[in-house]
Amino acid sequence: MSKPIIAVTMRIHGKQYVVNQDYIDAFQEAGAICLLLVPQGKKELEILLDGVDGICIPGGMDVDPSRYNQSNRQSDPIESEIDQLDLDVLDIAKEREIPVFGICRGLQIINVAWGGTLIQDLPKDLIDHTFSSKNNQRDKGHPIQIETVGTLFLLFGHETEVNTYHHQGIDRLGEGLKVVARAPDGMIEAIEAPNVIAVQWHPERMAEHRLFEYFVNMCRKNG
Ligand SMILES: [Mn+2]
């Protein structure tokens, strides 16, 4: 069985392009080949994405709120070059119907690319969505309730526990996206659309990798 190629967008740390190894390990264990993308022109990205079977938009910094026409209220840090990279790649994915898997910031910028907005700094009164990062809990954070439609329900059933490392979240949902999971405080924790699945938690840091296996298989069928 041939291995699908999954392109993963990189992040910036100081003067270095970086990618968290957990994503690469998870995709490779699920049977994929990883191609890493750095910021560059959209035409160059179009060339690199020829023959790519799937795209992962991983976690990272906050999206510049000017991308959804809002002034900055505690969106920090932001990195315009990385926003442009993710948005260009998503644009190409939409046009070519390449499957997309969004994780944390990935879910947030997918929502922005589909015309939605973000909550720039989540209130912490009911659930502290930064909980896992403070307590180093890779598999625990809060439960999510899963809608019976969509892929997530097939993988996890009505409810599961996820980690939580985010201070932003979806406010107004982008057009054409469907909410498939929420935290008990109402926070949107997963969205789907044709060829798109995105989650607000970090499945690459968890012990089980059902989502990666599902996504890699989905890309295999497409290719
Ligand atoms: Mn959360």
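Preceding this section is the structure that the text describes.
Residues numbered from 1 in each chain as written. Predicted model: local features only at pLDDT ≥ 70, side-chain atom pairs only at ≥ 80, totals over all residues.

### Here we look at the overall build of the chain
Within the chain, the regular secondary structure consists of seven helices and 13 strands. A compact globule built from 223 residues would reach a C-alpha radius of gyration of about 17 Å, and the chain, at 16 Å, matches this within 12%. When the backbone C-alpha atoms are referred to their principal axes, the chain occupies close to 45 × 40 × 35 Å. Counting all 223 residues of the chain, 40% fall into the buried class. (Helix = DSSP H or I, 4+ residues; strand = E, 2+ residues; numbered from the N terminus. Rg over C-alpha atoms; globule rule 2.2 N^0.38 Å. Buried ≥ 20, exposed ≤ 12 C-beta atoms within 10 Å, placed from the backbone.)

### Brief notes about the environment of His 202
Residue position: His 202 is located in the loop between β13 (196-199) and α7 (210-222). Judged by the 23 C-beta atoms lying within 10 Å of it, His 202 is buried. Between the alpha carbons of His 202 and Thr 164 there is a distance of 7.2 Å; along the sequence they are 38 residues apart.

### Considering unusual backbone geometry
The peptide bond linking Asp 76 to Pro 77 adopts the cis configuration, its omega dihedral lying at 0°. Residue position: Pro 77 is located in the loop between β5 (54-57) and α3 (80-96). In this structure, Glu 97 takes a positive phi of about 55° despite not being glycine. Along the chain, the position of Glu 97 falls in the loop between α3 and β6 (100-103). For Glu 97, a count of 10 C-beta atoms within 10 Å translates into the label exposed. At Asn 195, a position not held by glycine, the phi torsion is positive, near 70°. Of note, Asn 195 is situated in the loop between β12 (188-193) and β13.

### A word on the packing of α3 against helix α4 (residues 105-113)
The packing of two helices is summarised by the inter-axis angle and the distance between the axes. The interhelical angle for the contact between α3 and α4, taken along N-to-C directions, is 65°, at an axis separation of 10 Å. As for how α3 packs across α4, the hand of that crossing is right-handed. On α4, the residues that touch Asp 83, Asp 86, Leu 87 and Leu 90 of α3 are Ile 109, Ile 110 and Ala 113. Of the residues belonging to the contact of α3 with α4, the class tally is five nonpolar, no polar and two charged. (Axes fitted to C-alpha atoms, helices over the stretch in contact; angles between N-to-C directions. Left-handed = near helix turned anticlockwise from the far one by under 90°. Contact = placed C-beta atoms within 7 Å. Nonpolar A, V, L, I, M, F, W, Y, C, P; charged D, E, K, R; others polar.)

### With respect to the sheet that holds strand β4 (residues 33-37)
In spatial order, the strands read β4-β1-β5-β6-β13-β12-β11-β8-β9; together these nine strands make up an open sheet with mixed pairing. Edge positions in the sheet fall to β4 and β9 (159-162), since each of these pairs with one other strand and no more. Ignoring strand direction, the axes of neighbouring strands in this sheet form an average angle of 25°. Across the sheet, α3 lies against β1 (5-9), β4, β5 and β6, angled at about 150° from β5, the strand it touches most. (Pairing = 2+ DSSP bridges.)

### Re α3
Taking 1.5 Å per residue, 17 residues should reach 24 Å; α3 reaches 24 Å between its end C-alpha atoms and fits that length. Within the span of α3, buried status applies to Ile 82, Asp 83, Leu 85, Asp 86, Asp 88, Val 89, Leu 90 and Ala 93. After α3 finishes, the residue Glu 97 shows a positive phi value of roughly 55°. (Expected span 1.5 Å × (residues − 1).)

### Here we look at α4
Most of α4 sits inside the fold, with nine of its nine residues counted as buried. When we look at burial in α4, the residues that qualify are Arg 105, Gly 106, Leu 107, Gln 108, Ile 109, Ile 110, Asn 111, Val 112 and Ala 113. Looking one or two residues past α4, Gly 115 carries a phi angle of roughly 95°, positive in sign.

### Focus on the environment of Gly 174
Along the chain, the position of Gly 174 falls in the loop between β10 (169-170) and β11 (178-182). Residue classification places Gly 174 among the partly exposed positions, given that 17 C-beta atoms sit within 10 Å. C-alpha of Gly 174 to C-alpha of Val 52: the two residues are 122 residues apart in sequence and 25 Å apart in space. Filtering out sequence-adjacent residues up to four positions away, Gly 174 remains in contact with Asn 111, Trp 114, Gly 115 and Gly 116.

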